[in-house]
Amino acid sequence: MAGKPVRTVNAIDQTRRMLSLVTYLRERPGARIADVARAFGITEDELVADLDLLPMCGTSFRGGDLLDIDTDGERIWWHNPAALGEEAAEPLRLAADEATALLVAARAVSTLPGLREGDRQALLRATAKVETAAGEAAGASARLSVTFESEGGVFADVDRAISERRRLWIRYYSPARDEVTEREIDPIRLVSVGHTYVEAWCRRSEARRTFRLDRVAEIRILDEPSAPPEIELRDLSEALVQPAAEDPEVVIEVGPGGRWVAEYYPHDSADELPDGGLRITLRTPDPASLRRLALRLGRDGRIVSPPELADSARRAARGALAAYDVPEGAGAAARDAGDRRGREERAR
């Protein structure tokens with residue numbers, strides 16, 4: 001599908017743009033949003049997002065040192081440009097806890113796999129300068145260390161691939177199918193919606209896919225250039241999963257204990273049932289993935305339609321019970337007995 005060109009922007013690119021934006025706005029009081037967005041080659045929405053971050057920046061976190069920048073929807077106003085003037089250029093002094101936190105974080109980031117060597121060396125030089133400036137306050141940081149989980153290395157490789165426009169090879173675990181697959185992807189951007197994901201063009205499925213970083217079992221940066229087709233970037237601020245109107249419709253009925261499904265799954269409707277439950281209608285490009293939801297719900301929910309998906313969920317439930325040699329219905333009875341015993345013990 002044709003749309004806006006893909007813009008591969010990572011955190012470093014955004015930081016560079018925001019630093020340039022500060023200088024640009026200081027020299028142009030009351031600049032128009034449309035003019036500034038055009039000058040930086042970004043959309044007005046992207047510019048407004050940058051403006052929302054700038055008031056959290058400054059020479060310190062004291063109120064008067066933070067940038068006081070806002071917009072009336074048409075023009076941009078900077079109310080305290082002197083905050084970055086020569087009169088505000090006092091030497092930066094770090095408290096002992098600030099110096100410790102900064103040094104520990106810097107050393108940890110410098111060990112990330114996939115970090116470009118030039119960036120690593122620049123970070124180490126900056127760390128050495130902070131150590132010198134902090135003096136005795138830097139001593140505590142030498143006794144502390146931080147080790148990133150594997151996701152940190154995956155993040156660094158994805159970020160590097162986006163910056164260098166290179167393709168990735170990954171081994172990825174799909175919980176919906178309970179399998180690990182190998183695929184090549186052209187990364188588009190990193191997004192954070194509860195967890196961190198990479199949105200990419202998957203060469204295996206020849207479609208846009210979103211991969212959760214902590215489910216990447218192995219990753220390699222390839223020599224092939226990343227060349228995703230021109231697609232319109234979605235607004236993922238509301239939810240990561242955004243079903244399309246043409247996706248198959250699934251109807252699920254849940255009891256009071258399963259009402260959480262309506263909070264976590266985008267849906268078309270959620271109608272109240274007499275028992276306090278809900279009849280939820282939703283759309284998904286992969287209805288089979290909802291079998292796991294049905295098993296998780298147990299007696300708190302069931303798939304109503306389509307009939308073939310309901311039958312598949314029933315077979316999966318029977319198979320799960322058979323694996324434990326438990327007759328149908330015995331699982332619910334055992335849970336009821338356990339609940340009764342728990343209540344009796346708490347009442348004693």
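Residues numbered from 1 in each chain as written. Predicted model: local features only at pLDDT ≥ 70, side-chain atom pairs only at ≥ 80, totals over all residues. Heavy atoms only, no water.

Formed by 17 residues in total, the largest nonpolar core has its most connected members in Leu25, Val36, Leu47, Leu51, Leu54 and Ile76. Residue assignment for this core shows that the elements contributing at least two residues are helix 1 (11–26), helix 2 (33–40), helix 3 (44–53) and strand 2 (76–78). Residue contributions to this core peak at five residues, all from helix 1. Not counting residues up to four positions away in its chain, the partners in contact with Leu47 are Leu21, Ile33, Val36, Ala37, Ile42 and Ile76. (Core = buried A, V, L, I, M, F, W, Y, C linked by side-chain atoms within 4.5 Å. Buried < 20%, exposed > 50% of the residue type's maximum accessible area, 1.4 Å probe, protein only. Helix = DSSP H or I, 4+ residues; strand = E, 2+ residues; numbered from the N terminus. Contact = heavy atoms within 4.5 Å.)

Moving on, we come to the packing of helix 4 (residues 96–110) against helix 5 (residues 117–134). Viewed as axis vectors pointing N to C, helix 4 and helix 5 meet at an angle of 160°, and their least axial separation amounts to 10 Å. Put simply, helix 4 runs roughly antiparallel to helix 5. Considering how the two elements wind past one another, helix 4 and helix 5 form a crossing that is left-handed. Across the interface between the two elements, Ala99, Leu102, Leu103, Ala106, Arg107, Val109 and Ser110 from helix 4 touch Arg120, Leu123, Leu124, Thr127, Val130, Glu131 and Ala134 from helix 5. (Axes fitted to C-alpha atoms, helices over the stretch in contact; angles between N-to-C directions. Parallel < 35°, antiparallel > 145°, perpendicular 65-115°, else oblique. Left-handed = near helix turned anticlockwise from the far one by under 90°.)

When the pLDDT values of the protein are averaged, the result is 76; 71% of them are 70 or greater. By mean pLDDT, the top-scoring element of the protein is strand 7 (residues 216–225) (93), and the lowest-scoring one is helix 10 (residues 330–347) (47). For the stretch residues 1–8, pLDDT sits under 50, and the model shows 21 contacts to residues farther than four places along the chain or on other chains. Below pLDDT 50 for its whole length, residues 337–348 participates in one contact with residues either more than four positions away or in separate chains. (pLDDT = per-residue confidence, 0-100.)

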